[in-house]
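Letter by letter, the chains look like this.
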Amino acid sequence: MTGAPTTPLLPRPRAAGRIVVASVPANHVYVRHLAPEDGSGPVRLPDPPPAEAASTQQWWPPVMLDAAWVEDNDFDVFHLHFGFDARSPAELRELVAALRRRGKPLVFTVHDLRNPHHPDRRDHDRQLDVLVPAADALVTLTQGAAAEIRARWGRDALVVPHPHVVPLDTMRCAAASREVRRRGPRPREFRVGLHVKSLRAGMHPHPMLPVLVDAVRDLPGAVLQVNGHNDVLRPDGKRYDAALAEALQHHAARGEVDLRIHDYLDDDALWAYLASLDVSVLPYRFGTHSGWLEACRDLGTAVVAPSCGYFADQAPVLTYGHDEDHLDADGLVAAVREAYAGHVAPAPGVEERRAQRARVAAAHARLYESLVGDGR
């Protein structure tokens, strides 16, 4: 059993009989946006501070995943989203056993059926083989993912769409700025973004780069902008990818790529960057769902997404063929051309996202109530 910091039993914040949820994690934008805007609904416990929290993720590693924390703290429902990557199947079985001893229902939202950070799927599959059968209720984001869950484990999952990622006020400002640009002088620039971030395992931009360079070259006023982090694109970076970095520098020197190399962007900088693009191309060769996709939609940026996973089920996107076995170069070019021609689905407006968030929050509240009922 993984040790947890010794903490006193947390009092249950029983405001007006509200259900108390131990969400793993609580301080993640997806989880925060499961709550109604006015702060009503179930009470979510704050993330306990880890002994050594990562600088970029103050909830990591999640203390609530320790069986000892479950034994020592009070809540009504345990809802697992993310953060169990480093937990062995045995540790997850201990977590489940502790929840059973306490009589606490487990809700598991299956965000990832293939972990985008793992080059090999076997470890994540073993974790899912513990969590999916053990959960008292399953949630996922798309009908496609629900069908895969049913096929693999014989379990039904409640399908609830991904809520907005970008703050609603930021969405409103971005929409106004985009409208000003749209009405501006012609011809205007058309920015195609390829973001390689820190190049996690599920990304494979290497073969896509020359295809995008050629595609953009043929579109008047189009610019290919590639953003990446210092750790991957600088020679002194811990995960330096020489082949990718050298190819990008080559294209940048020829004026074919607007190359931006930087550290992690904070939220405001990330929203500004995404809002500056006309289309964002997702370079994934495997994965399941995407918060990046939702942030782009919030900001009015079209998305070109791969055929792997359930990105096309998640939201209206332009699709190209890309998985672990092949890249459909012609399909990628065609998708970029469709975006350039404006053949994209309209972005959701602020009021649409606000109404969706209310529905998402209500669905989760009903689920928790069905599991707790009068037994709380």
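Along each chain, residues carry numbers from 1 onward, in the same order as the chain's sequence is written. Residue-level local features of this predicted model are given only where pLDDT is at least 70; pairs of side-chain atoms are given and counted only at 80 or more, and the full residue set underlies all totals for whole chains, interfaces and linings. To get the side-chain values, all heavy atoms of the structure are used, and hydrogens and water are removed first.

### So, the nonpolar core
Part 1 of the argument: The definition of a nonpolar core used throughout is a set of buried Ala, Val, Leu, Ile, Met, Phe, Trp, Tyr and Cys residues joined through side-chain atoms within 4.5 Å. Exposure categories follow from relative accessible area, calculated using a 1.4 Å probe and restricted to protein chains: below 20% of the type maximum is buried, above 50% is exposed, and the middle band is partly exposed. Ranked by internal contacts, the top residues of the largest apolar core, which has 61 residues, are Leu 224, Val 226, Leu 233, Leu 274, Val 281 and Leu 332.
Part 2 of the argument: Helix numbers and strand numbers start at the N terminus; a helix is a DSSP run of H or I with at least 4 residues, a strand a run of E with at least 2. At 7 residues, helix α7 (residues 208–217) tops the list of elements feeding residues into this core.
Part 3 of the argument: With near-sequence residues (within four places) excluded, Leu 274 lies in contact with Arg 178, Trp 292, Ala 295, Cys 296, Leu 299 and Thr 301.
Part 4 of the argument: Residues Ala 22, Val 43, Leu 95 and Leu 131 belong to the second largest nonpolar core, which totals 36 residues. Here, residues are in contact when the closest pair of their heavy atoms is within 4.5 Å.

### Description of the pattern of salt bridges
Pairs can form between side chains of opposite charge whenever their charged atoms are close.
Part 1 of the argument: The salt bridge definition used is simple: a Lys or Arg side-chain nitrogen within 4 Å of an Asp or Glu carboxyl oxygen. For the coordinates displayed, the defined rule picks out 29 salt bridges.
Part 2 of the argument: In this structure, Asp 125 and Arg 121 form a salt bridge, with 3.0 Å as the shortest nitrogen-oxygen distance.
Part 3 of the argument: Overall, the relative accessible area of 32% leaves Arg 121 in the partly exposed class.
Part 4 of the argument: A salt bridge links Arg 182 to Glu 179; the nearest nitrogen and oxygen atoms lie 2.7 Å apart. With Arg 182 and Glu 179 both in helix α6 (residues 168–182) and 3 residues apart, the pair spans about one turn of that helix.
Part 5 of the argument: Its relative accessible area of 42% is what places Arg 182 among the partly exposed residues.
Part 6 of the argument: Shared partners join several salt bridges into a network, and the residues in it are Arg 121, Asp 125, Glu 148 and Arg 152.

### Focus: the environment of Pro 205
Part 1 of the argument: Residue placement: Pro 205 occurs in the loop between β7 (190–197) and α7.
Part 2 of the argument: Using a relative accessible area of 1% as the deciding quantity, one classes Pro 205 as buried.
Part 3 of the argument: Between the C-alpha atoms of Pro 205 and Arg 285, which are 80 residues apart in sequence, the distance is 8.9 Å.
Part 4 of the argument: Here Pro 205 is in contact with Leu 194, Val 196, Leu 199, Leu 244 and Pro 283, once residues within four sequence places are set aside.

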